[in-house]
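# A closer look at the structure
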Amino acid sequence: MGGFSAASAAERCAVGIHASPSSPASRPRSQLQEQPAPPVRRGSRRLAAPLAVSRRSILVPRAVAASTDRASPEVVGRFNLESNSELQVTLNPAPQGAIAEINLEATNTSGSLVLHWGALRPDRGEWLLLSRRPDGTTTFKNQALRTPFVKSGDNSTLIVEIDDPAVQAIEFLLFDEARNKWFKNNGQNFLIQLPTSHNQGQGASGATVVPEDLVQIQSYLRWERSGKQSYTPDQEKVEYEAARAELIEELNRGVPLGKLRARLTKTPESSERDAPASQTTTTKVPEELVQVQSYIRWEKAGKPNYSPEKQLVEFEEARKELQAELDKGTSIDQLRKKILKGNIEKKVSKQLENKKYFSVERIQRRNRDITQLLNKHKPGVTKEQVQAAPKQPTVLDLFTKSLQEGDDCDVLSRKLFKFGDKEILAIATKALGKTRVHLATNDLDPLILHWALAKKAGEWEAPPSSIAPSGSTLLEKACATSFVESELDGLQYQVVEIELDDDGYKGMPFVLRRGETWIKNSDSDFYLDFKTKVTKKANAIDTGDAGKGTAKAFLERIADLEEDAQRSFMHRFNIAADLVDQARDAGLLGIVGLFVWIRFMSTRQLIWNKNYNVKPREISKAQDRFTDDLENMYKSYPQYREILRMILSAVGRGGEGDVGQRIRDEILVIQRNNDCKGGMMEEWHQKLHNNTSPDDVVICQAIIDYIKSDFDISVYWDTLNKNGINKERLLSYDRAIHSEPKFRSDQKEGLLRDLGNYMRSLKAVHSGADLESAIATCMGYKSEGEGFMVGVQINPVKGLSSGFPELLQFVLDHVEDKSAEPLLEGLLEARVELRPLLIESSERLKDLIFLDIALDSTFRTAVERSYEELNDAAPEKIMYFIGLVLENLALSTDDNEDILYCLKGWNQAMEMVKRKDDQWALYAKACLDRTRLALASKGEQYYNMMQPSAEYLGSLLNVDEWAVDIFTEEIIRGGSAATLSALLNRFDPVLRNVAHLGSWQVISPVEVTGYVVVVDKLLSVQNKSYDKPTILVAKSVKGEEEIPDGVVGVITPDMPDVLSHVSVRARNCKVLFATCFDPNTLSELQGHEGKVFSFKTTSADVTYREITESELMQSSSANAQAGEAIPSLSLVKKKFLGKYAISAEDFTEEMVGAKSRNIAYLKGKVPSWVGIPTSVAIPFGTFEKVLSDDTNKEVAQNIQMLKGRLAQDDFSALGEMRKTVLDLTAPAQLVTELKEKMLSSGMPWPGDESDQRWEQAWMAIKKVWASKWNERAYFSTRKVKLDHDYLSMAVLVQEIVNADYAFVIHTTNPSSGDSSEIYAEVVKGLGETLVGAYPGRAMSFVCKKDDLDSPKVLGYPSKPIGLFIKRSIIFRSDSNGEDLEGYAGAGLYDSVPMDEEDQVVLDYTSDTLITDSGFRSSIFSSIARAGHAIEELYGSPQDVEGAVKDGKIYVVQTRPQM
């Protein structure tokens, strides 16, 4: 067996036998050249580790005999890049002074592979960028070379030539540009060391040589430290060379060979032939300093979870580092002063109190009932808000419209000004080649327009007399013109119109005079810029659709004020504060409109400052005013808190302790303290004095990063660019920044200190989500640093728990940790502790909201940082992370009930894993599906709520179209929902694999060929006809859609129930229908749009391949039945046979449909333990009879008219038809007969409770009749050429079973066609969530007919909603269109309960059907037995619907299985 043994290793160490298979000493020494000393690289954390195999997986080529000829190429390593891709590296060594070749070949790769690389030399700490480079090589930030591989077939190759004899190795990574993916060597850089013959001809005389007996000892010590594990021969070789590399590194650091031997052999130091001539006495490093240095190393590495063995290695590395400092002459006191900073000794002492190694601290989370986090504040949009009457047009609106309606009139520019409570509208237009200026005002007092023209900004030039309006007075540099009274639609206004004679004018300045009073625009002249881009609002007549689904009038008000808002942040925030009450009065859509405006501002889509000098304290004061108003609304309107948090996050905190003025004062302190009063710092100082903005936070960070990088200017630009600031933006400021920062090395320490202090002031104003400043504001702080925070003292917020400061300190201490889990727990615990104070409207609520926003933002960043940590994590850890992210999302959501129940589901799945329940993966898959549905629902809610406002306000403000298009998408992407979605996508394939689910669920197994067509929603194309065989890839399928003509297959990522209408229809029409769970497969299919594909299925899988059109023609016969319309069917027209209501014994084919007849047939024939509800019916022809009644004459006429429109394919008439049916009046005879039949059958009569209850029942009956004109039903009958007029609707009346569960059974498995197996789906509550288009999957099971006591669960439920109802009556559709053989007419028409169902968000963790396997097996077995009994009764496969109440099975209808 390979590997070290204790005896053999000890023997080697004792006698110094040079027999290791990896040792060159076993060969004649004269024929060998020793390996060169590995380079020691300093000055960079990334490059600090030595070239040691144990940590860097170095490939060390064998030493070869010296020769003048080039040696044969040698494979020095193979690496797996991906499952089917490998990197092979071969080395063609060079004789002394010649060129070495490194050959790289990557198999099965894309054509976009790049080598990101550099060379290593012992005299340099960073990568050396060689001058000899392969073709196509570029330099990356002056730090690395990038060379593209050459594509050759399926492989990519590259040759790197090394002609620098000092180069000892190359280091590299691989990057796939097309996929934006990096490849590493087990998380580290790849490293190829060159043989000694290349390195300056070093041989025995020039290289660092380690005596072989010491290598033997070192390798033994390494083996002991690793637990004396068994190694293979190859592993032993690697370990042996790693030991050599470690010793070489020590010698290169200056450790004498004698000292090295003394340490390894534990003998006194002695002289060696290779030792330095003189020996020195070394000072031992104190153990407590070694501990501190090891802790510092651990912190720098991101506090990874090292094993105890790895930590022992780290302690030794720390000791070596400190010993090296002492060897250079540093004293112990100097060393102590250097590393003992802050409270690091206390941290180390705490860590090593009860153990000998460092570990990440964790907070102890309190056990809480998750439902304590429940929020049920639903931000609803009322019908009145959406359909609010448009504001009454003002006279100025009418004036604008009159201009727009003129022939060929283009509005060049438009500006509305306010003065007092009056307005003046200035518009420049172009019509028939003439440019005109129109000024209209609703001020009816006598006014004089004092005006001029300008060819450049700030100019007043008197107009030519030829264009001055009649009665004008020309002055030296202006013209005075009186306004003329006018009228529009009975509304009075005054107007001046001027026709220009020259297109060269840029604008028109003007002021107004009323008597002796001059009227200006605040302190400035009014000015109409002729070149201003006109908003769409001003340049288009409203068609009625613009602004639909928004607080339209409020958004238009914002648009009117935008030009004033652009003057400065002070103006914008003051205007925003003025608008808060109007936003609140407009309801949710008003709050959303305010958010959209502020978001456009924060993303730099709106102008921040326009030639206006404003003091920072004025900005922070206005900001403070606005955020105070938002805080007050947060207290009073909990349903808006989610949106208000978004607004606050985009605005920033505002002024505390005159923080705005500190921005202005403290930049002077920085310049004075650090002697940097010119250049870029002075330009920035001028910008800060003129108008500070959120850009200043980025600029400050960029300067700090630049200084920390030892003044690398590319780092400065990198930080700016990553945050959306480029050179053009710096130049666009009113006080432009032209220069780059430039400092001396002696300024470094002071600048970093002062800029760090200054960042606090900047973030206090501008950064709503900055954690450190948010914590400081809530915990309190006072003056720190000379010249900074002068006189400032912020007191702690009252009411915080006693342990809260320690909790926040824990968060700050661990915010950079590599292992994110403890930090995430701390952040969540802090948010949960904060929650009561946020709900109770505490003192200084605004500061607490900003703290919660910052904790949330930090949480999201930490999760994204932890993705790599989860790559190889166990399922339990991934589920735990998902739970953490769900909890964080719940804490940020106004209506979080569904999210909390998802969280409870994940917690239950983790418990199932712990108790080794073999169903855990199947259950977790349902939790995952439900969580995805919750995220999709949240995304849809955001889109419907925000996107219309973004589009309308964006059009009014001329926001870039791309920014409008992605508005909601970016909001979602920046929140916890996107983080959670990424985790689910990672975990889904893991679950499917463990649960043996595969990538597909086949709902209708049919072999088909056709053209691939991608659609968003099946619903959007259900009425379309395709003229060639088509396979739809539909992103959304809800369950109630029709299959379009010409479609032979539907592939979707959605999860409609196997027994939903669309699923039944697909099987009935022999259409392939399958759910694809793998996003990569789905994306691949979408990429083949327009191509011809063949699909084959099994019960659990789908295979596909591209084929030619000629193959499609050959296989067309196989598609002959698939997707084709069912042959024409005919209906027999039903007549009214004199009875408005009948009991079950009168259910005949002439009177009622199959639904009613089947339920009557079952009565008394099924086993006694199966309940059948009592039924009566309103027979065929009753609707037509009621319609012909004299009381409904007008309704009948309207319906006849609407039928005429339908005959002309005006399908909008369908909705009007349904509304018209609801106007029917019930004949007295119908009421009498229905009451008699219901009472005689033992059913309650609604009218006995009240007339209103009867009206409810009558409305339900009419809704059933009206469903004859449902779009889906109408088009379905057209598709099979049924005469819609012949479709008759009976109504089956039953008392509702108030079900615990509802089920649907197919007595032959519909997915596999297996007639020996029953398939059933079960939902909690009423069955409408199963047969209707309710999202999510039902619970499903199969049961063999010969073993009905052993049902097998196929899937757990993911439906978030259950429907429940009190005792009531249901009116079920029962048409003659549901009896036709070969036509799945069931489900096309509505069944309507008299009372509205209650929608309940479901908690499956408390559902006995989920948690009690015995109860589940009993219920499922009973359902299967009922289905089997009914199939036996009819002698054919059946589609059965039923319910479970208190454990008893009820069957409410059955029909032949389609």
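Residues numbered from 1 in each chain as written. Predicted model: local features only at pLDDT ≥ 70, side-chain atom pairs only at ≥ 80, totals over all residues. Heavy atoms only, no water.

Within the protein chain, the regular secondary structure consists of 46 helices and 45 strands. The buried share among the 1458 residues of the protein chain stands at 54%. Counting contacts in the protein chain only where the partners sit at least 6 residues apart, residues at least 24 apart contribute 70% of the total. About 64,000 Å² of surface is accessible on the protein chain, with carbon and sulfur atoms providing 47% of the total. (Helix = DSSP H or I, 4+ residues; strand = E, 2+ residues; numbered from the N terminus. Buried < 20%, exposed > 50% of the residue type's maximum accessible area, 1.4 Å probe, protein only. Contact = heavy atoms within 4.5 Å. Areas by Shrake-Rupley, 256 points an atom, 1.4 Å probe, with all protein chains shown as cover.)

Quick look at the sheet that holds strand S34 (residues 1175-1178) now. An order of S32-S34-S35-S41-S42 is seen for the five strands of this open sheet, with the pairing classed as antiparallel. Edge positions in the open sheet fall to strand S32 (1142-1143) and strand S42 (1392-1393), since each of these has one partner strand only. Where S34 lies against strand S35 (residues 1289-1295), four bridges are found, and the strand directions are antiparallel. For valine 1176, the partnering residue across the bridge sits in S35 and is valine 1293. Along the sheet face, helix H41 (residues 1228-1240) touches S32, S34, S35 and strand S41 (1369-1375) and points at about 165 degrees away from the line of S34. Strands S34, S35, S41 and S42 of the sheet are contacted by helix H42 (residues 1251-1266), whose axis makes an angle of about 20 degrees with S41. (Pairing = 2+ DSSP bridges. Axes fitted to C-alpha atoms, helices over the stretch in contact; angles between N-to-C directions.)

So, about the packing of helix H28 (residues 875-891) against helix H33 (residues 976-994). The geometry of H28 relative to H33 is characterised by a closest axis approach of 10 Å and an angle of 160 degrees between their N-to-C directions. Classified by the angle their axes make, H28 and H33 are roughly antiparallel. For the crossing formed where H28 meets H33, the hand is left-handed. Seen from H28, the contacting residues are Pro875, Ile878, Met879, Phe881, Ile882, Val885, Leu886, Asn888 and Leu889; seen from H33, they are Ser976, Ala977, Thr979, Leu980, Leu983, Leu984, Phe987 and Val990. For the contact of H28 with H33, a count of residues per class yields 14 nonpolar, three polar and no charged. (Parallel < 35°, antiparallel > 145°, perpendicular 65-115°, else oblique. Left-handed = near helix turned anticlockwise from the far one by under 90°. Nonpolar A, V, L, I, M, F, W, Y, C, P; charged D, E, K, R; others polar.)

Two faces belong to every sheet, and in a regular strand the side chains alternate between them. Residues Phe190 and Ile192 point to one face of strand S11 (residues 190-193) and Leu191 and Gln193 to the other, with burial holding for every one of them. Of the strand pairs in this sheet, strand S9 (residues 169-176) and S11 are connected by four bridges, and their pairing is antiparallel. Across the sheet, the residue bridging to alanine 169 is glutamine 193, located in S11.

Attention now goes to the packing of aromatic side chains. Where two aromatic rings form a pair, the distance of their centres and the angle of their planes describe that pair. Within the structure shown, the criterion is met by 35 aromatic pairs. Their ring planes at 10 degrees and their centres at 5.0 Å tell us that phenylalanine 172 and phenylalanine 190 sit as a pair that is stacked. Of the two residues, phenylalanine 172 sits in strand S9 while phenylalanine 190 sits in strand S11, which places them 18 residues apart along the sequence. Taken as a pair, phenylalanine 172 and phenylalanine 190 share a single burial class, namely buried. One aromatic cluster is present, formed by Phe1183, Trp1245, Trp1254, Trp1258, Trp1265 and Trp1269 through successive ring pairs. A cation over a ring is seen here: arginine 729 above tryptophan 608, with NZ or CZ 4.7 Å from the ring centre. (Phe/Tyr/Trp six-rings, centres within 6.5 Å; stacked < 30°, edge-to-face > 60°. Lys NZ or Arg CZ within 6 Å of the ring centre and 35° of its normal.)

What follows concerns the sheet that holds strand S38 (residues 1339-1344). Strands sit in the order S33-S45-S44-S36-S37-S38-S39 across an open sheet of seven strands; the sheet is mixed. What marks the edges here is a single partner per strand, and that holds for strand S33 (1170-1171) and strand S39 (1352-1355). Pairing between strand S37 (residues 1317-1324) and S38: six bridges, direction antiparallel. Directly across from glutamate 1317, in S38, lies its bridge partner lysine 1344.

This part is about the state of the cysteines. Tallied over the full model, the rule gives zero disulfides. With no disulfide of its own, cysteine 902 lies closest to cysteine 927 among cysteine sulfurs, the gap being 7.6 Å. (Disulfide = S-S within 2.5 Å.)

Counting across every chain of the model gives 85 salt bridges. Glutamate 161 serves as the salt-bridge partner of arginine 132, at 2.8 Å between the closest nitrogen and oxygen. One end of the pair, arginine 132, is in the loop between strand S4 (113-120) and strand S5 (138-140); the other, glutamate 161, is in strand S8 (residues 155-162), and 29 residues separate them in sequence. For arginine 132, a relative accessible area of 32% puts it in the partly exposed group. The exposure class of glutamate 161 is partly exposed, given its relative accessible area of 27%. With a shortest N-O distance of 2.3 Å, arginine 1367 and glutamate 1295 are connected by a salt bridge. Of this pair, arginine 1367 sits in the loop between strand S40 (1361-1364) and S41 while glutamate 1295 sits in strand S35; the two residues are 72 residues apart in sequence, bridging distant segments of the chain. (Salt bridge = Lys/Arg side-chain N within 4 Å of Asp/Glu carboxyl O.)

What follows covers the side chain of arginine 1253. In this fold, arginine 1253 is placed in helix H42. Among the polar contacts made by the side chain of arginine 1253, one reaches the side chain of aspartate 1395 at a distance of 2.4 Å. For arginine 1253, the contacting residues outside a window of four places in its chain are Pro1246, Met1394 and Asp1395. (Polar contact = N/O pair within 3.5 Å; in protein donor to acceptor, adjacent residues only side chain to side chain.)

Of all hydrophobic cores here, the largest spans 171 residues; its most connected members are Trp597, Phe626, Ile647, Trp906, Met946 and Ile1423. Ranked by residues supplied to this core, first place goes to helix H30 (residues 920-957) with 18 residues. Residues in contact with isoleucine 647, not counting those within four places in the same chain, are Ile591, Leu594, Phe595, Ile598, Phe626 and Leu630. Counting residues in hydrophobic clusters, the runner-up holds 47 residues, among them Leu1187, Met1289, Phe1371 and Leu1388. (Core = buried A, V, L, I, M, F, W, Y, C linked by side-chain atoms within 4.5 Å.)

It is at 13 Å that the axes of H41 and H42 come closest, and there the two elements cross at 100 degrees. Here H41 is positioned roughly perpendicular relative to H42, judged by the angle of their axes. Within the contact between the two elements, H41 uses Leu1230, Val1231 and Leu1234 and H42 uses Trp1254, Trp1258, Ile1261 and Trp1265.

With that settled, the discussion passes to the side chain of glutamine 1453. Along the chain, glutamine 1453 falls in strand S45 (residues 1448-1456). With a relative accessible area of 4%, glutamine 1453 lands in the buried category. Separated by 2.8 Å, the side chains of glutamine 1453 and glutamate 1441 make a polar contact.

Another point: the confidence of the model for the protein chain. Predicted coordinates in regions of low pLDDT should not be interpreted in detail. In this model, the protein chain carries a mean pLDDT of 82, and residues with pLDDT of at least 70 account for 85%. Segment residues 1-69 is flagged for pLDDT under 50; beyond a separation of four residues in sequence, or across chains, it makes 171 contacts in the model. With pLDDT under 50 throughout, residues 1120-1126 is counted as low confidence; its partners more than four residues away or in other chains account for 21 contacts. (pLDDT = per-residue confidence, 0-100.)

On to helix H14 (residues 569-585), then. Here H14 is 17 residues long and its end C-alpha atoms lie 25 Å apart, about the 24 Å a rise of 1.5 Å per residue gives. At leucine 579, H14 shows its maximal kink, close to 40 degrees. The backbone nitrogen of methionine 570 lies 3.2 Å from a side-chain oxygen of the residue at the head of H14, namely serine 568. Where H14 ends, the next residue or the one after it, glycine 587, has phi of about 80 degrees, a positive value. (Expected span 1.5 Å × (residues − 1). Bend = angle between axes of the 7 residues up to and from the residue.)

Leaving glycine aside, a negative phi is the common case for residues, and trans is the common case for peptide bonds. In this structure, asparagine 142 takes a positive phi of about 55 degrees despite not being glycine. Tracing the sequence through the fold places asparagine 142 in the loop between S5 and strand S6 (144-148). Positive phi values are uncommon outside glycine, yet lysine 916 reaches one of about 60 degrees. Within the fold, lysine 916 resides in the loop between helix H29 (897-914) and H30. By relative accessible area, lysine 916 is classed as exposed at 74%.

Next up on the list: the environment of proline 1351. Here proline 1351 shows up in the loop between S38 and S39. A residue is classified by how much of its surface remains accessible, and proline 1351, at 19% relative accessible area, is buried. Separated by 72 residues in the primary sequence, proline 1351 and isoleucine 1423 have C-alpha atoms spaced 9.8 Å apart. With sequence-adjacent residues up to four places away left out, proline 1351 is seen in contact with Phe1341, Val1342, Cys1343, Ser1417, Phe1420 and Ser1421.

Here we come to the environment of glutamate 288. Along the chain, the position of glutamate 288 falls in helix H6 (residues 287-300). Taking the C-alpha atoms as reference points, glutamate 288 and valine 348, separated by 60 residues in sequence, lie 9.0 Å from one another.

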